[in-house]
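This is what each chain is made of:
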Amino acid sequence: MAPAPSPTSSVITLTINGEKHTLPVDHRTTLLDALRDHLDLTGTKKGCDQGQCGACTVLLDGRRAVSCLQLAVAAEGREVTTIEGVADGDRLHPVQQAFLDLDGYQCGYCTPGQICSALAVLEEHAEGWPSAVTTDVRPEAGPAPLTPEEIRERMSGNLCRCGAYVSIVQAVARAAEARTDRNEEVVA
Ligand code: FES
Ligand code: FES
């Protein structure tokens, strides 16, 4: 006889960095705990565990999300990208390279979340999403230039206990420039 379904747990399948993982989880398990404790994907960090620090940021269907506030069961059927899935094999993503080149970290604990957030910032900016400091939000004004002020605002959900903010902003700016250069090369 098949076991009776449990009201408190389920077997779910998560797609993480393009790979499917099937695992049993308590319904109260957060995506962060599923990644770290069930799947050994410990690149995603736990800071506050209450949505305030951004250390646990991952991409869900390409948009940033704090994985400590996301239930694992609710992530079923969605594409999860963690820091382990950002590089292309041995080749770092340009955002990772910029953090490395410009020392966008000290202890590195917040860095996976900073990088996942920065990836989403570049997408959001390219799609013309305004931020709280964008002064001209008319669609015809086009995307606001990604100034240090814009970067600081857009990255403000990611805290760094080491205070490496100056070089984090420089790294995001460098990655944004590299992205523009790549897009221009494609158009040329
Ligand atoms: S651990 Fe998720 S926001 Fe701090
Ligand atoms: S580099 Fe240490 S917390 Fe950000």
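Residues numbered from 1 in each chain as written. Chains lettered and ligands numbered in written order. Predicted model: local features only at pLDDT ≥ 70, side-chain atom pairs only at ≥ 80, totals over all residues. Heavy atoms only, no water.

Asker: I keep staring at the overall build of the protein chain and nothing clicks. Help me out?
Answerer: For the protein chain, the helix and strand inventory stands at 5 helices and 5 strands. Secondary structure elements of the protein chain occur, N-terminal to C-terminal, as β-β-α-β-β-β-α-α-α-α. Referenced to the eigenvectors of the C-alpha coordinate spread, the extents of the protein chain come out at roughly 65 × 35 × 35 Å. For the protein chain, with 188 residues in total, the buried portion stands at 40%. Intrachain contacts of the protein chain at a sequence separation of at least 6 include 52% that bridge at least 24 residues. Here the protein chain displays about 10,400 Å² of accessible surface, and carbon together with sulfur accounts for 52% of that area. Across the protein chain, 16 positive and 26 negative side-chain charges occur, with their mean positions spaced 3 Å apart. (Helix = DSSP H or I, 4+ residues; strand = E, 2+ residues; numbered from the N terminus. Buried < 20%, exposed > 50% of the residue type's maximum accessible area, 1.4 Å probe, protein only. Contact = heavy atoms within 4.5 Å. Areas by Shrake-Rupley, 256 points an atom, 1.4 Å probe, with all protein chains shown as cover. Lys, Arg positive; Asp, Glu negative; His and termini not counted. Charge placed at Lys NZ, Arg CZ, Asp CG, Glu CD.)

Asker: Would you mind going over the nonpolar core with me for this structure?
Answerer: Among soluble globular proteins, nonpolar side chains are generally buried collectively. Ranked by internal contacts, the top residues of the largest apolar core, which has 24 residues, are Val95, Phe99, Leu122, Met155, Ile168 and Val172. Elements with a contribution of two residues or more to this core: α2 (94-101), α3 (111-126) and α5 (165-187). The contacts of Leu122, once residues within four sequence positions are left out, are Val95, Leu146, Val172, Ala175, Ala176 and Arg179. Core analysis: the next-biggest nonpolar cluster, separate from the first, contains 16 residues, Ile16, Val25, Val58 and Ala72 among them. (Core = buried A, V, L, I, M, F, W, Y, C linked by side-chain atoms within 4.5 Å.)

Asker: Where do I start with the domain arrangement of the protein chain in this structure?
Answerer: For interface size, the figure often reported is the accessible area lost on association. Domains assigned within the protein chain are domain 1 (9-85) and domain 2 (94-187). Computed over C-alpha atoms only, the centres of domain 1 and domain 2 are separated by 23 Å. In this assembly, 15 residues from domain 1 lie in contact with 17 residues from domain 2. For the pairing of domain 1 and domain 2, the buried interface totals around 1,300 Å² over both sides, and the portion due to carbon and sulfur atoms is 54%. When the area that domain 1 buries against domain 2 is broken down by residue, the three leading residues are Arg63, Arg64 and Ile83, summing to 45%. Across the domain 1-domain 2 interface, the total number found is 2 salt bridges. Notably, a salt bridge pairs Glu124 with Arg64, separated by 2.9 Å at the nearest N-O pair. Broken down by secondary-structure element, the contributors of at least two residues to the side of domain 1 that touches domain 2 are β3 (57-60) and β4 (63-66). When residues in the side of domain 1 that touches domain 2 are grouped by element, the largest group, 3 residues, is from β3. Its residues assigned to classes, the side of domain 1 that touches domain 2 comprises 5 nonpolar, 6 polar and 4 charged. (Domains from an automatic or database assignment. Buried area = accessible area lost by both parts, 1.4 Å probe. Salt bridge = Lys/Arg side-chain N within 4 Å of Asp/Glu carboxyl O. Nonpolar A, V, L, I, M, F, W, Y, C, P; charged D, E, K, R; others polar.)

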